[in-house]
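Coordinate inspection notes
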Amino acid sequence: MDVKTQDRSGDSGAGSRMAAEVAEQPLAVQRTLDALLPLRGAVSELAQGRRRVLFAARGSSDNAAVYGRYLLETRAGVLGSLLSPSVATHYRASLDLSDALVVCVSQSGATSEIVDTQSWAGANGAATLAITNVEGSPLAEYADLALVTRAGPELAVPATKTYLTQLVAMAVLGTALAPDPTVLDAELARVPGEVERLVREPHGVDAAVGALRDAAYAVVSGRGLMMGTALETALKLEETCLRPVRGYSYADLRHGPISVVTSGMTAVLVAAPDGPLLAPMAELADDLAARGATVVGIGGDPAFADACAVHVPGPELPEALAPLGAIVPAQLIVEGLARELGLDPDNPRGLAKVTATDPPQPKENP
């Protein structure tokens, strides 16, 4: 399949703008790879002499940053962590960031908290890298270097193609700082085709919608490189479907919350098709099922699928890139569940495309 010659934007079949934008993702991924891979040299040069990478983001962008952190640490040998924007915007702390590359992530590039955090980071000695979908946005304009994704305009409020192209940008960042930046290139080239396949063949999605529709409560879990996918799936289920959902790492779920798992609960587990955490995720599925939960699995291998009551196939990509495909069936589940519940997936209650973390402060009288 040559995704460059296909436009599936009007081929969603579901009627929602969100579904149409999910279907646009193969092209969005290909465009973003074409635009950003040539910038790996500039990313590497910007990071010279910097020992750590700090990510500043909110919401879905924060979940993309979780993937970026794991990719840097497991594949590039670079320490990564999440930076709390309030340290910059409210505490106005003075930190020595001269050894840091600060990556600020915002789909709109106009979230004031993230823009202000980027300015603060630069003033404290950091090199700054912006990841945004809007060229010419404040975040892109004032960064030392911008990775501008090519998702195109996104009209539905839930982030789908903008989130996935952020993951592509994270893969570009992670490989740019790796000892061999090209080591995953052959697999990266397969990502658009895998995304297209998962959109075209949504096996198990309807069954997963049914399991979540009838659930009194839901949890979502993953670990390692799949942790960001679990958190993003939970966020989308909660904000789009208005259901109580908790996102946990595998480890956190094991340390306490698993004791409240009972019948009537649906657990969504996301797994890569390989890697050191695949077998533990299958064991978790067995444990949750034994406690009475209905287990919905996304991705994994045949043993993981067999441990789940409902299984939704994921991408045939290595663990390092599996998050770029695994989010697609999760998005389809969320969109289908919202419609099943009589909700508008395009306009979740109380949400907007540009996030304002804090309410506007009144101006002082002159």
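What comes next concerns the included structure. All of these numbers come straight from a predicted model, not from anything done at the bench.

Here the focus is the packing of helix α2 (residues 25-36) against helix α10 (residues 191-200). One way to put it is that α2 packs onto α10 with a least axis distance of 8 Å and a crossing angle of 170°. As far as their axial angle goes, α10 and α2 are roughly antiparallel. Contact with α2, carried on its side by Q25, P26, V29, Q30 and L33, involves V191, P192, V195 and E196 of α10 and no other residues of that element.

Before going further, it helps to spend a moment on the pattern of salt bridges. On inspection of all chains with the given rule, the structure shows 18 salt bridges. Across the pair E201 and R200 runs a salt bridge, and its minimum N-O distance is 3.2 Å. A network of salt bridges, in which partner residues are shared, links R17, E21, E24 and K161.

Reading across from one edge, β7-β6-β8-β9-β10 is the order of the 5 strands in this open sheet, with parallel pairing throughout. The sheet terminates laterally at β7 (245-249) and β10 (310-312), the two strands that pair on one side only. Neighbouring strand axes in the sheet, compared pairwise and without regard to direction, differ in orientation by 20° on average. Judged from the 5 bridges that link them, strand β6 (residues 217-222) and β7 form a sheet pairing that is parallel. The partner of S221 across the bridge, within β7, is Y248. Those strands touched by helix α12 (residues 227-241) are β6, β7 and β8 (265-271), and its axis lies near 175° from that of β7. Against the sheet, helix α16 (residues 323-340) contacts β9 (294-299) and β10, and its axis sits at roughly 135° relative to β9.

Cut-offs and rules
- Residues numbered from 1 in each chain as written.
- Predicted model: local features only at pLDDT ≥ 70, side-chain atom pairs only at ≥ 80, totals over all residues.
- Heavy atoms only, no water.
- Axes fitted to C-alpha atoms, helices over the stretch in contact; angles between N-to-C directions.
- Helix = DSSP H or I, 4+ residues; strand = E, 2+ residues; numbered from the N terminus.
- Parallel < 35°, antiparallel > 145°, perpendicular 65-115°, else oblique.
- Contact = heavy atoms within 4.5 Å.
- Salt bridge = Lys/Arg side-chain N within 4 Å of Asp/Glu carboxyl O.
- Pairing = 2+ DSSP bridges.

Geometry only, nothing functional implied.
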